[in-house]
Number of protein chains: 2
Amino acid sequence: MRTHPTHTLELLSASLPAGSIITDPAAMDAYRWDRARDSNAGIPLAVARVTSTAEAQTVVRIAGAAGVPIVPRGAGSGLSGGSTAVAGGIVLSLDRMRDITIDPRTRTATAQPGALNAEVKAAAASHGLWYPPDPSSFEFCSIGGNVATNAGGLCCVKYGVTTDYVLGLTVVLADGRAVQLGGPRLKDVAGLSLTKLFVGSEGTLGIITEVTLRLIPAQAPSVTLVAFFPALPSATNAVPSITAAMRPSMLEFMDHMTINAVEDETRMGLDRDAAAMLVVQCDEPGAHAAEQIAHAAKICVASGATEQFSTTDPDDGEAFVTARRMAIPAVERRGTLLLEDVGVPLPRLGDLVTGIAEISERARVPIAVVAHAGDGNTHPLLVVDPNDPAQRERADLAFGEVMDLATRLGGTITGEHGVGRLKQPWLAGYLGDDVMELNARVKAALDPDNLFNPGAVYG
Amino acid sequence: MRTHPTHTLELLSASLPAGSIITDPAAMDAYRWDRARDSNAGIPLAVARVTSTAEAQTVVRIAGAAGVPIVPRGAGSGLSGGSTAVAGGIVLSLDRMRDITIDPRTRTATAQPGALNAEVKAAAASHGLWYPPDPSSFEFCSIGGNVATNAGGLCCVKYGVTTDYVLGLTVVLADGRAVQLGGPRLKDVAGLSLTKLFVGSEGTLGIITEVTLRLIPAQAPSVTLVAFFPALPSATNAVPSITAAMRPSMLEFMDHMTINAVEDETRMGLDRDAAAMLVVQCDEPGAHAAEQIAHAAKICVASGATEQFSTTDPDDGEAFVTARRMAIPAVERRGTLLLEDVGVPLPRLGDLVTGIAEISERARVPIAVVAHAGDGNTHPLLVVDPNDPAQRERADLAFGEVMDLATRLGGTITGEHGVGRLKQPWLAGYLGDDVMELNARVKAALDPDNLFNPGAVYG
């Protein structure tokens, strides 16, 4: 640090409106962790809660000149420690920047980074439009965080991920300049694809202060299928058969442990004995959705489903989607979670799920698996007894084994949550040295002093 | 140049299989231009026609060591001079790399860069799958070129552009290393979005030697609507009304001059008096497509269409799509073309088309306009009498005026063709100095010696 911290704090306070800077330790505590609850979280020098691009630039310039690192933060819902506070650094919180404007003529939304995903959806819906990407945290995650992680969700199997909807960004760079990338244009190839480079950059290349998003017409009502299976392969075999026959708008998987954890919460009548459950939705117009769901039901039965039923009632269907969305909070009641996000090519899903069960047994760590089965992205949830440090050690090892398994199966260590700090130790092994070096080179070009989120992604 | 060219040629010939290197001037001529027919095309030192990633690496290493620039080339169908040969450089042609493999289980295609877009489509179709991006040149453009330009097409209004389908790339970097980015995984956020960065990089960051593409199920049969309008605003007003009401799978525009040029070729009965024509397609399943087309027809009539008809017959519908695809070759018969690719937000389409007509009149240069109206991307075609150099001068000025007009309307100077060399002089004015500098910085990080395609994009 090139400048005395007190001087930096004085400069920040003098340069921003009153109330922008938090230094009280108890008040800062709310900004030190994301949902990864990284035990290595440092105590920041300050939390800066900005309300504009200009204020973000001010923070970046002062911090940059003082050599004080910045950790950007949306709603702190991240699962990989991407917003873990760095000791002596500044947490730059975008949570006060919540404006959303919908332009129905261009079918775009312009959102500030602190706006919640659910707020963007609601604003779009009020115009008969839809912003599809729907991470399970959509009610409490920020659109800025979504862009930083290239967030996915349950609809991705048909509707794609966040990057497919980002048309433009305003970004504050490490030198304090603010740039406009892209804009409300569906097609634009002038220059490098820099908008796409910043999406998924996990706060390591710049501070996103505005996002222009593509919207599509409101989703048609869905027909929902729920099927219970007596064995894991029975369920995982049905998945590629379904995706080969149709384009479901949702295709989700829950294993035995997850079903029971959710049933503990909801008492909705899920089959506690089932080895696995699939929730399938189709939103094709007219009678087509029901036809496709009927076909999917046949596939499930042919694959060994012991029970299946479908519904055209939107509320009944939504109840099962909600059950799926509750998976992580429900399993979280059973212990401390280590959350994985591995994804594999669809034909290897069965091997992944089976392999995870073997890891769980060997390590003597329960692992609940919930998955966006239709796109091969899974969330194995390692459940650790908080009073059993030996189990925690075994779980930490198993955490790596799950990623190694996915990589061996041609998959990725992270499909949608991001590398953050938690998975950083496995990144080079997954990408290989050359691609890791390429990542580091682009980072160095854009943030030569490693001002933004040091410790995340590149290590 | 640090090494004598003869030595470089000897090294190339010694390091590659016989027949890889072309130096005969007449034979090299076929590799000096793309469809922009850039009058500044240089005479290359050699054309290297490689058959593998390893051979491409060999060329890059030898050229890099000798300081000889490389211009990558797919099928040479580009419209912006992106593959224009550099004097004394090497044209690295990927045209011999044509392999395509379809994996129906992962629903991906792995294609070498010289494979034609149409070949990729045909290979996918043989498995009941579809690779949607369809530039009008799809029968003679390469998939590598498509990736390099982030090519669009007629289907983009509903199905997106090339980058939305690229899951992975093998790229040879400026230092000769080959890297694998991404892969057959629908979701992967491990590290920076480098795959997306290389898409649309116009051969300036690396040599693409393999592409992994996402495929979707075969397109449902389309219902086609054709409507003729008595005035430009009548047609352009209908466009946003149609896109607000439905998601057409195609929404194309042709103006009076284009209609007549195409009718000269096809004698198919297009209305020669119409000011403009729209071709609309819907591919929703079942009866839904016909319903939507009927709705679109009503919108056209309400907007002033003098004639409209629709067809569910795929061949009849295809005849009109073919007519649209012939627009550029048909207009090309009338003179030398300067081809634009400006795009605007949809609500400004009318102003763009009207403004172009005014530019045409002032400059006394005919400008035919054909457009992917549904996404706001247009192709104004400036037609110049090859025997009238004064008109050519006026047309060169008008070329810039069209881009300035689009920029003033909040649009882009290039929606899908790329900057190449032709539009390079307008890039900084469009992006602004800061974003231009950011582009240059990323380029410098990846290709510090400007080995790849010097003169394209950044100037």
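The residue numbers shown here count from 1 along each chain, following its written sequence. By the order in which they are written, chains take letters starting at A while ligands take numbers starting at 1. Only residues with pLDDT of 70 or above have their local features reported here, since the model is predicted, and side-chain atom pairs are shown and tallied only from 80 upward, although totals for entire chains, interfaces and linings are computed over all residues. The side-chain figures draw on all heavy atoms in the structure; neither hydrogens nor water molecules are used.

Participant: Please explain the overall build of chain A as it appears in this structure.
Facilitator: The secondary structure listing takes helices from DSSP runs of H or I that are at least 4 residues long and strands from runs of E that are at least 2 residues long, numbered from the N terminus. Check the secondary structure of chain A and you find 16 helices and 18 strands. Taking 23 Å as the expected radius of gyration for a compact globule of 459 residues, we find that chain A reaches 22 Å, a close match to that expectation. Taken over the C-alpha atoms alone, chain A extends approximately 70 × 60 × 45 Å along its principal axes. Note on exposure labels: buried denotes an accessible area under 20% of the residue type's maximum, exposed denotes more than 50%, and partly exposed covers the range between, all computed with a 1.4 Å probe on protein chains only. The burial tally for chain A puts 64% of its 459 residues in the buried class. Counting 36 positive and 51 negative side-chain charges, chain A places the centres of these two groups 4 Å from one another. Put simply, the radius of gyration uses C-alpha atoms, and a globule should come to 2.2 Å times the residue count raised to 0.38. Positive: Lys, Arg. Negative: Asp, Glu. His and the chain ends are not part of the count. In this description, the location of a charge corresponds to atom NZ of lysine, CZ of arginine, CG of aspartate or CD of glutamate.

Participant: In this structure, what is going on with the pairing of strand β10 (residues 207-214) of chain A? I would like to understand it.
Facilitator: Looking down a regular strand, the side chains alternate between one sheet face and the other. Residues and elements named next belong to chain A. Burial analysis of β10 places 7 of its 8 residues in the buried class, the great majority of the element. Two elements, strand β6 (residues 108-111) and β10, share 4 bridges in a ladder whose sense is antiparallel. Looking at β10, one finds that Ala109 is bridged to Leu213. Note: strand β8 (residues 166-172) against β10, 6 bridges, orientation antiparallel. Within β10, the residue paired with Val166 across the bridge is Leu213. Pairing between two strands requires that DSSP report at least two bridges joining them.

Participant: I tried to follow the nonpolar core on my own but got confused; where do I start?
Facilitator: A general feature of soluble globular proteins is that nonpolar side chains tend to end up buried together. Remark: nonpolar core denotes a set of buried residues (Ala, Val, Leu, Ile, Met, Phe, Trp, Tyr, Cys) joined through side-chain atoms within 4.5 Å. A:Ile242, A:Leu278 and B:Leu278 are the most contacted members of the largest nonpolar core, which has 186 residues in total. Note on contacts: a residue pair qualifies if any of its non-hydrogen atoms lie within 4.5 Å across the two residues. Once residues within four sequence positions are removed from consideration, A:Leu278 is found in contact with A:Leu225, A:Val226, A:Ala227, A:Phe229, A:Ala235, A:Ala238, A:Val239, A:Ile242, A:Leu251, A:Glu252, A:Phe253 and A:Cys300.

Participant: Explanation requested: unusual backbone geometry in the structure shown.
Facilitator: In most cases, non-glycine residues show a negative phi, while peptide bonds are predominantly trans. Positive phi is not limited to glycine here, since A:Asn453 has a value of about 50°. Considering the arrangement of structural elements, one finds A:Asn453 in the segment after α16 (433-446). Among the residues examined, A:Asn453 registers a relative accessible area of 2% and is labelled buried. The backbone of B:Arg364 shows a phi angle near 55°, a positive value even though the residue is not glycine. A relative accessible area of 55% means that B:Arg364 is categorised as exposed.

Participant: How do you make sense of the sheet that holds strand β5 (residues 100-103) of chain B when you look at a structure like this?
Facilitator: Residues and elements named next belong to chain B. Ordered in space as β5-β6-β10-β8-β9, the 5 strands form an open sheet in which the pairing is antiparallel. Looking at which strands have only one partner, the edges of the open sheet turn out to be β5 and β9 (178-182). Between one strand and the next, the sheet's axes are offset by a mean angle of 15°, whatever the strand orientation. Angles run from 0 to 180 degrees between N-to-C directions of axes, and those axes are lines fitted to C-alpha atoms, restricted for helices to the stretch in contact.

Participant: I keep staring at the interface of chain A and chain B and nothing clicks. Help me out?
Facilitator: How big an interface is tends to be stated in terms of accessible area lost as the parts join. Across the boundary between the two partners, chain A contributes 80 residues, which contact 80 residues of chain B. Taken together, both faces of the contact between chain A and chain B bury some 5,700 Å²; the carbon and sulfur share is 61%. By buried area we mean how much accessible surface two parts lose on assembly, using a 1.4 Å probe and totalling the loss over both. When the buried area of chain A at its contact with chain B is split by residue, A:Lys187, A:Val189 and A:Leu192 rank highest and sum to 15% of it. Counted as salt bridges are all cases of a side-chain nitrogen of Lys or Arg within 4 Å of a carboxyl oxygen of Asp or Glu. Inspection of the region where chain A meets chain B yields 8 salt bridges. Across the pair B:Glu416 and A:Lys187 runs a salt bridge whose closest N-O atoms are separated by 2.8 Å. Pairing of N or O atoms within 3.5 Å defines a polar contact, subject to two protein rules: one partner must be a possible hydrogen donor and the other a possible acceptor, and residues neighboring in sequence count only if both atoms are side-chain atoms. On inspection of chain A and its partner chain B, the count reaches 28 residue pairs in polar contact (both at pLDDT 80 or more). Mapped by element, the contributors of at least two residues to the side of chain A that touches chain B are β9 (178-182), α7 (194-198), β11 (216-217), α8 (232-245), α15 (424-431) and α16 of chain A. Considering every element that reaches the side of chain A that touches chain B, the biggest residue donor is α16(A), with 10 residues.

Participant: Is there a simple way to explain the packing of aromatic side chains in this structure?
Facilitator: To describe a pair of aromatic rings, one takes the distance between the centres and the angle between the planes. Pairing of aromatic side chains here covers Phe, Tyr and the six-membered ring of Trp, requires ring centres within 6.5 Å, and sorts the geometry by plane angle: under 30 degrees stacked, over 60 edge-to-face, intermediate tilted. Throughout the structure, instances matching the rule amount to 8 aromatic pairs over all chains. Measuring from ring centre to ring centre gives 5.4 Å for A:Phe309 and A:Phe320, while their planes differ by 55°; the resulting arrangement is tilted. In this pair, A:Phe309 sits in strand β15 (residues 307-311) while A:Phe320 sits in helix α11 (residues 314-325), placing the two residues 11 residues apart along the sequence. Measuring from centroid to centroid gives 5.6 Å for B:Phe399 and B:Trp426, while their planes differ by 75°, and the two rings are edge-to-face. With B:Phe399 in helix α14 (residues 389-408) and B:Trp426 in helix α15 (residues 424-431), the pair connects residues that are 27 residues apart, well separated along the chain. In this structure B:Phe399 comes out as buried when scored by relative accessible area, which is 6%. Overall, the relative accessible area of 25% leaves B:Trp426 in the partly exposed class. Comment: the charge-over-ring label is applied if NZ (Lys) or CZ (Arg) is within 6 Å of the ring centre and within 35 degrees of the ring normal. The ring of A:Trp33 carries the charged tip of A:Arg37 above its face, separated from the ring centre by 4.5 Å.

Participant: Can you help me understand helix α14 (residues 389-408) of chain A in this one?
Facilitator: The periodicity of an α-helix, 3.6 residues per turn, causes residues three or four positions apart to be oriented the same way. Residues and elements named next belong to chain A. A rise of 1.5 Å per residue sets the reference length of α14, with its 20 residues, at 28 Å; its end C-alpha atoms lie 29 Å apart and thus fit the reference within 8%. Three or more residues of α14 are buried, namely Gln391, Ala395, Ala398, Phe399, Gly400, Val402, Met403, Leu405 and Ala406. Considering only its buried residues, α14 is in contact with β16 (336-339), α13 (349-363), β17 (367-372), β18 (377-384) and α15. In the segment just after α14, Gly410 is the residue with positive phi, at about 80°. One less than the number of residues in a helix, times 1.5 Å, gives the span that helix is expected to have.

Participant: Can you help me understand the environment of B:Arg348 in this one?
Facilitator: Note that B:Arg348 resides in the loop between β16 (336-339) and α13 (349-363). Between the alpha carbons of B:Arg348 and B:Ala395 there is a distance of 23 Å; along the sequence they are 47 residues apart.

Participant: What exactly am I supposed to notice about the side chain of A:Thr108 here?
Facilitator: Residue and element names in this part refer to chain A. By the element assignment, Thr108 lies in strand β6. With relative accessibility at 4%, the residue Thr108 sits in the buried group. Here Thr106 takes part through its side chain, which lies 2.7 Å from a polar atom of the side chain of Thr108. Residue contacts for Thr108: discarding those within four places in its chain leaves Thr101, Ile102, Asp103, Leu167, Pro184, Thr212, Leu213 and Leu215.

Participant: Honestly, the pattern of salt bridges in this entry has me stumped. Any pointers?
Facilitator: Between side chains of opposite charge, a pair can form when the charged atoms approach closely. Applying the stated criterion across every chain, the model contains 44 salt bridges over all chains. For B:Glu437, the salt bridge goes to A:Arg177, with nearest N and O atoms at 2.7 Å. Within this pair, whereas B:Glu437 is found in helix α16 (residues 433-446), its partner A:Arg177 is found in the loop between β8 and β9, the two belonging to separate chains. Judged by its relative accessible area of 31%, B:Glu437 falls in the partly exposed class. Among the ionic contacts, a cluster of salt bridges with common partners joins A:Asp175, A:Arg177, B:Asp434, B:Glu437 and B:Arg441.

Participant: Would you mind showing me how to read the relation of the copies chain A and chain B here?
Facilitator: Between the two copies of the chain lies a rotation about an axis combined with a shift along it. If you rotate chain A by 180° and push it 0.0 Å along the axis, it lands on chain B with an RMSD of 0.0 Å. The symmetry that links the two subunits is that of a two-fold axis. When the interface residues of chain A are mapped onto chain B, 100% of them again lie at the interface, so the same face is used by both copies. Least squares is the method for superposing the copies, and the C-alpha atoms it fits come from residues with pLDDT of at least 70 in both.

Participant: Explain the environment of B:Ala235 to me, please; I cannot follow it from the model alone.
Facilitator: Residues and elements named next belong to chain B. Assignment of secondary structure puts Ala235 in helix α8 (residues 232-245). Of the residues examined, Ala235 reaches a relative accessible area of 0% and is grouped as buried. In this structure, the C-alpha to C-alpha distance between Ala235 and Gly304, residues 69 residues apart in sequence, is 7.8 Å.

Participant: Sorry, what's going on with the packing of α13(A) against α14(A) here?
Facilitator: Residues and elements named next belong to chain A. Between α13 and α14, the shortest axis-to-axis distance is 10 Å and the interhelical angle comes to 160°. When the interaxial angle is binned, α13 and α14 end up roughly antiparallel. Relative to α14, α13 is oriented so that their crossing is right-handed. Contact with α13, carried on its side by Leu352, Gly355, Ile356, Ile359, Arg362 and Ala363, involves Arg394, Ala398, Glu401, Val402, Leu405 and Ala406 of α14 and no other residues of that element. Looking at the contact of α13 with α14 residue by residue, the classes come out as 8 nonpolar, 1 polar and 3 charged. Angular relationships are summarised with four words: roughly parallel below 35 degrees, roughly antiparallel beyond 145, roughly perpendicular across 65 to 115, and oblique for the angles in between. Left-handed is the label given to a crossing in which the near helix is rotated counterclockwise from the far helix by less than a right angle, and right-handed is the label when the rotation is clockwise. Side-chain classes follow a simple rule in which Ala, Val, Leu, Ile, Met, Phe, Trp, Tyr, Cys and Pro form the nonpolar group, Asp, Glu, Lys and Arg form the charged group, and the remainder, Gly included, forms the polar group.

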